[in-house]
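# Chain and residue survey
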Amino acid sequence: MSPKVCVWKDRSDLFDNEFYFLSNLYPKLRNFFVDVLNVASDIGDEQFCELWLDMQIRDLLDVKVTEDKLTMLYHRLKPLFDSSDEISEEWWGRFISQAMLWSSSKRFVKTYQVYIPDNGILKDAFVKEQVDYLWYPKGSSYSQWESLHRAFKLRSLKDSVSITLKEVEDSVIVNPATHLTRSAKTLILVWLREKHPERFQSLVDKGIVNEFVRTAEYRSDKLIISYELEGRVVEASSDAYLDLLNGRAYYVATACKPAIAAEICRALSVNEHNEDLESWIKGVLGSDEADLQAELKQKNWQITDEISQLLSEDQDSSDSTDENSSEDTKGDALDDDPDIDESGEDPNPDGGIDPDDLGKRPDGKGRSDGYGHGSHMGGKRQQNRSEPDADNADEDGEEETEPKQSFEDELFSVFNSNDQPIQDDENYVEGGYSGDYQVRYDGEYDRVREYCDNNQSQNDRYKEIIRRILDRPDPLVRAELTRWYSGKCQICGSSFYQRNGKPFFISHYMVPRRFSDAADAKGNAICLCANHFAQMLHGRRKSSNLLIQLGSIDPANESFELKLELNGEDVSIKYNQQHAIALKAFYEATNKESE
């Protein structure tokens, strides 16, 4: 026999008796046949491609036999699919142009007749339309064979279906947004800008980004969608639909994040669907300001001026139309409240000027000094000399360049207040009873009327004041407290859910952050309810053995309780193991710094 019809490696499972496979007959003589007689060690790539072409023109074989052979061919040719663009041999080009593909309908079809089945919802919509989808070997998925898709230039089902909104039943606006929050929009745009700058710019040029930014959420009882695929038109219900043209993101009450993310990705992909974008959108839906800052810091991303401009234009539009909206349509309770510092620091601890009167715009809509949610000035707080600093500055208002005491002293003073004697106020009037109620009423009425008659314009009622703003706290600290305690107070365990569905709590820094950059640490922060936050800030505190307790923390224990007396009541700040470790590390590291 001629060496040309002999092959050393056994491929009889694919080529039957077309070759003589010598490894079964002479297992110990490989070197002799391959090196001396020049017998091929394996069948060449071209022969595998020829087998594929031969299978598709034969009479229909047993389905199982066909799929078993195609499974082996898929895996054998995968390296060629992976490097298809680099192969210049004539036989490879002929194979790509002549090959037919095995479909889910158990037949060979032309490559332009088959679709990549990358969306189960769309498959279900066209289940009665006899659409051919590409077949895959058992145990694998379409994402595993992306190089095969590219080699044959196959069409994605997601990108091939035209989707239009047919009917909406009883839609109502969702304000504040539940899924497509401002922070979520920001993270989606930043991801596109970082990962696919050319696509991002194309979306900007087409106006799609601008439409996306101004999109509002609408909850509907039912959505009917029309799907069209090469003349086949079907209608079906859907969980979500993004109408960029009208700036509306519809979803039903039972819609889950994957469905909403897939719809947003479809609108932003423009026939270039990206699985990574869809996964990213699913992960950032419902993000708040803390989530935004944490993601940006972790990935070291920046919000570009272009994105900031787009977002600010949308915000300005929202301000002008929603100025008189009801309280139920406003933003997150704690995260958006300019009078409660998200770090847990009292914005006005010693009285003085009301923070509400500081830095407001002349039209009264909000602050123009960067104080409050979503904005801050770099460096230290801007402050009037006569105004108490939000971080407990000394009374004379002198700027403090270095701490006057050590971390240990500062921490001790936090838990041991300089109490004044309790004094009864003899000026209290029991019950507030008035003997001559008519005279008192007339006096109060005249006083209010005088204010009304001499009312100043909005511009005259506000004064511009320079104020020092401390850098915003590390958002990862608050995120970690959320993960550890789910918003429950570490003293009493209480919390409540805000309108946005998130638990309310205040992340309180025991040693004020103004004291040092090192104070912005997880070990220095605790999760408190509003009541115990106020007591920790203003109440009578005592823990004479505080430093002994801190020194006794054992990282091996599953929990730790820091005991103190708060307004005459014995309480404990309860730590889980990870938080206790962070507290111990904070205490010992700052002590070393003080030394």
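As a reminder, the structure under discussion sits directly above these lines.
These remarks concern the structure in this document. (Residues numbered from 1 in each chain as written. Predicted model: local features only at pLDDT ≥ 70, side-chain atom pairs only at ≥ 80, totals over all residues. Heavy atoms only, no water.)

### Some remarks on the environment of Met55
Relative to the elements of secondary structure, Met55 occurs in helix α3 (residues 45-57). The class of Met55 is buried, set by a relative accessible area of 4%. Spatially, the C-alpha atoms of Met55 and Phe108 are 9.3 Å apart, while their sequence positions differ by 53 residues. Among residues more than four places away in sequence, those in contact with Met55 are Thr66, Lys69, Leu70, Leu73 and Phe108. (Helix = DSSP H or I, 4+ residues; strand = E, 2+ residues; numbered from the N terminus. Buried < 20%, exposed > 50% of the residue type's maximum accessible area, 1.4 Å probe, protein only. Contact = heavy atoms within 4.5 Å.)

### Some details on the environment of Phe212
Mapped onto the secondary structure, Phe212 falls in helix α11 (residues 208-213). Distance in space between the C-alpha atoms of Phe212 and Ala249 is 9.3 Å, their sequence separation being 37 residues. Contacts of Phe212, omitting those with residues within four sequence positions, involve Leu180, Lys185, Ile188, Leu189, Leu244, Ile264 and Leu268.

### Section: a negative patch on the surface
Together, Glu167, Glu169, Asp170 and Asp221 make up a region of like negative charge exposed at the surface. Among the structural elements, Asp221 can be located in the loop between β9 (216-220) and β10 (222-229). On the basis of relative accessibility, which here comes to 56%, the residue Asp221 falls in the exposed class. (Patch = residues over 30% accessible without salt bridge, like charges linked within 9 Å, V, L, I, M, F, W, Y side chains within 5 Å. Areas by Shrake-Rupley, 256 points an atom, 1.4 Å probe, with all protein chains shown as cover. Salt bridge = Lys/Arg side-chain N within 4 Å of Asp/Glu carboxyl O. Lys, Arg positive; Asp, Glu negative; His and termini not counted. Charge placed at Lys NZ, Arg CZ, Asp CG, Glu CD.)

### Looking at unusual backbone geometry
The linkage connecting Asn175 with the following residue, Pro176, adopts the cis geometry, with an omega of 10°. Here Pro176 shows up in the loop between β8 (172-174) and α9 (182-195). Here Lys106, not a glycine, exhibits a phi torsion of approximately 65°, which is positive. Its place among the elements puts Lys106 in the loop between β3 (101-102) and β4 (108-109). Look at Lys106 and you get partly exposed, because its relative accessible area is 38%. A positive phi is found at Gln130, a non-glycine position, where the angle reads about 55°. Tracing the backbone through its elements, the reader meets Gln130 in the loop between α6 (120-125) and α7 (146-152).

### Describing the sheet that holds β8
If you trace the 4 strands from one edge of the open sheet to the other, you get β8-β9-β13-β12, paired in mixed fashion. Of all strands in the sheet, those with a lone pairing partner are β8 and β12 (240-243), marking the two edges. For this sheet, the mean inter-axis angle between neighbouring strands, taken without regard to orientation, is 30°. Across 4 bridges, β12 lies against strand β13 (residues 248-252) in antiparallel orientation. Note that in β13 the partner of Asp243 across the bridge is Arg248. (Pairing = 2+ DSSP bridges. Axes fitted to C-alpha atoms, helices over the stretch in contact; angles between N-to-C directions.)

### Side note on the packing of α9 against helix α13 (residues 275-284)
Orientation of α9 relative to α13, taken along the N-to-C sense of each, is 155°, at an axis distance of 9 Å. The pairing of α9 with α13 is recorded here as roughly antiparallel in orientation. Crossing handedness for the pair α9 and α13: right-handed. In contact with Ala184, Leu187, Ile188, Trp191 and Leu192 of α9, α13 contributes Asp276, Leu277, Trp280, Ile281 and Val284. Taken together, the residues that form the contact of α9 with α13 break down as 9 nonpolar, no polar and 1 charged. (Parallel < 35°, antiparallel > 145°, perpendicular 65-115°, else oblique. Left-handed = near helix turned anticlockwise from the far one by under 90°. Nonpolar A, V, L, I, M, F, W, Y, C, P; charged D, E, K, R; others polar.)

### Focus: the pairing of β13
Here β13 lies mainly inside the structure; 4 of its 5 residues are buried. Across 5 bridges, β9 lies against β13 in parallel orientation. Bridge assignment links Tyr218 to a residue of β13, and that residue is Tyr250. The hairpin formed by β12 and β13 contains 4 residues between the paired strands, and Gly247 there has a positive phi angle of roughly 65°.

### A short note on the pattern of salt bridges
Per the counting criterion, the structure on display carries 22 salt bridges. Where Glu278 meets Lys158, a salt bridge forms, and the shortest distance between an N and an O atom there is 3.1 Å. With a gap of 120 residues between them, Glu278 in helix α13 and Lys158 in helix α8 (residues 157-160) connect regions that are remote in the sequence. One exposure class covers both Glu278 and Lys158, and it is buried. Beyond isolated ion pairs, a larger network of salt bridges with shared partners links Glu46, Glu50 and Arg94.

By themselves, these figures tell us nothing about what the structure is for.
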